[in-house]
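Now for the letters of each chain:
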Amino acid sequence: MSRPTCPNCHYPQNACLCASIETMQVKPELIILQDPSEVGHAKNSVRLLELVIPNTQVVVGETADDFAVLREQLAQSKKPVYLVYPSDTSVSANQTKIESEVILLFLDGTWRKAYKLLQLNPWLQAYPALHLDLDSASNYTIRKASRSDSLSTLEAAAMMLKAIDAKQNVAPLTNALSAMVEQRLASMPADVRARYR
Ligand SMILES: [Zn+2]
């Protein structure tokens, strides 16, 4: 039997995050390509990202065929499209002037899953790639919320928004992430929790 979930945030009712969600509007369009195995993953940050920035688009799939509709949508769009992924040819989002009316593509999941998505979707490499300078001051502030070594998609989105517009307030994103981390810590046995503090 599955645990009852909150109809709004879809987290378990005893870990409902609604009180910590403050929505925000941003100029860049965020599109998340998500591996099917990440859907419903408890630690996945994309659901939280969608709650905070409601016009975030999430497209679940693996192969180029799975993303056919998205590819058509991108081909029709007049906005510049960037892939957020570190590579030999990517440029630093923190050191490049990027206009605000853009489409940002994110590959959700672990490093391994994101790499697999990229291999299965060579069409993505037609778009210029951006990476984030993780040691820049504002990015460090964003990362403090997570206490994890891997960058979540929500954190990457917050950092990209900040890189594009330094005045952009990303606190609704980092606050929601902190709340999720706190909920998870609160649900752990004390001895396990001690390792994360
Ligand atoms: Zn809720």
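Residues numbered from 1 in each chain as written. Predicted model: local features only at pLDDT ≥ 70, side-chain atom pairs only at ≥ 80, totals over all residues. Heavy atoms only, no water.

**Describing the overall build of the protein**
Looking only at helices and strands, the protein features seven helices and six strands. Taking 16 Å as the expected radius of gyration for a compact globule of 197 residues, we find that the protein reaches 17 Å, a close match to that expectation. Per-residue burial for the protein yields a buried fraction of 43% across its 197 residues. Residue pairs at least 24 apart in sequence account for 69% of intrachain contacts in the protein once pairs closer than 6 positions are excluded. Carbon and sulfur atoms provide 53% of the accessible area of the protein, an area that totals close to 10800 Å². (Helix = DSSP H or I, 4+ residues; strand = E, 2+ residues; numbered from the N terminus. Rg over C-alpha atoms; globule rule 2.2 N^0.38 Å. Buried < 20%, exposed > 50% of the residue type's maximum accessible area, 1.4 Å probe, protein only. Contact = heavy atoms within 4.5 Å. Areas by Shrake-Rupley, 256 points an atom, 1.4 Å probe, with all protein chains shown as cover.)

**Side note on the packing of aromatic side chains**
Counting across every chain of the model gives two aromatic pairs. Judged by centre distance (6.3 Å) and plane angle (50°), the ring pair of phenylalanine 67 and tryptophan 123 falls under tilted. Placement of phenylalanine 67 in the loop between β2 (57–60) and α2 (68–76) and of tryptophan 123 in the loop between α3 (111–120) and β6 (129–131) is noted, with a sequence separation of 56 residues between them. Seen in terms of ring centroids, tryptophan 111 and tyrosine 115 are 5.5 Å apart; in terms of plane orientation they differ by 10°. Their pairing is stacked. Within this pair, tryptophan 111 and its partner tyrosine 115 are both found in helix α3, separated by four residues, close to a single helical turn. The exposure class assigned to tyrosine 115 is partly exposed, which follows from its relative accessible area of 39%. Here the guanidinium or amino end of arginine 47 rests over the ring plane of tyrosine 11, the centre of that ring lying 4.0 Å away. (Phe/Tyr/Trp six-rings, centres within 6.5 Å; stacked < 30°, edge-to-face > 60°. Lys NZ or Arg CZ within 6 Å of the ring centre and 35° of its normal.)

**As for the coordination of the zinc ion**
Within the first shell, the zinc ion binds the protein through Cys6 (SG), Cys9 (SG), Cys16 (SG) and Cys18 (SG), at distances of 2.3 to 2.4 Å. Metal-centred angles of 101 to 115° between the four donor atoms at the zinc ion mark the site as tetrahedral. (Donors = N, O, S within 2.8 Å, 3.2 Å for Na, K, Ca; no water. Tetrahedral: all angles 85-135°; square planar, octahedral: opposite > 155°, others 65-115°.)

**Comments concerning the environment of leucine 107**
Within the secondary structure layout, leucine 107 lies in strand β5 (residues 103–108). Looking at leucine 107, the relative accessible area reads 9%, which means it is buried. Taking C-alpha positions, leucine 107 is 8.8 Å from isoleucine 31, a pair spaced 76 residues apart along the chain. Discounting chain neighbours no more than four positions away, the residues touching leucine 107 are Leu33, Leu83, Tyr85, Ala114, Leu117, Leu118, Leu124 and Thr153.

**Re the nonpolar core**
If you look at the biggest cluster of nonpolar residues, it comprises 39 residues, and the most contacted ones within it are Ile53, Leu104, Phe106, Met160 and Leu173. Beyond its immediate chain neighbours, meaning those up to four positions away, isoleucine 53 contacts Met24, Val26, Leu30, Leu161 and Leu173. Grouped together as the second largest cluster of nonpolar side chains are 17 residues, Ile31, Val59, Ile103 and Leu105 included. (Core = buried A, V, L, I, M, F, W, Y, C linked by side-chain atoms within 4.5 Å.)

**Some remarks on the side chain of glutamine 34**
Examined against the element boundaries, glutamine 34 turns out to sit in strand β1 (residues 29–34). When its relative accessible area of 6% is taken as the criterion, glutamine 34 is described as buried. If near-sequence neighbours (up to four positions away) are discounted, glutamine 34 is found in contact with Val39, Asn44, Val46, Val58, Val59, Val60, Gly61 and Asp108.

**Observations regarding the sheet that holds β1**
Strand pairing within a sheet occurs via backbone hydrogen bonds; the two strands may be parallel or antiparallel. Pairing is parallel in the open sheet, where six strands are placed in the order β2-β1-β5-β3-β6-β4. Because the sheet does not close on itself, it has two edges, and the strands there are β2 and β4 (91–92). In this sheet, β6 lies alongside β4 in parallel orientation, the contact comprising two bridges. Bridging across to β6, valine 91 finds its partner in leucine 130. Across the sheet, α2 lies against β1, β2, β3 (81–84) and β5, angled at about 155° from β1, the strand it touches most. Strands in contact with helix α5 (residues 153–164) are β1, β3, β5 and β6; relative to β5, the strand with the most contacts, it is inclined by about 155°. (Pairing = 2+ DSSP bridges. Axes fitted to C-alpha atoms, helices over the stretch in contact; angles between N-to-C directions.)

**Topic: the pairing of β1**
The element β1 is extensively covered by neighbouring structure, given that five of its six residues are classed as buried. With four bridges connecting them, β1 and β2 associate as parallel partners. Residue pairing across strands places isoleucine 31 opposite glutamine 57, the latter belonging to β2.

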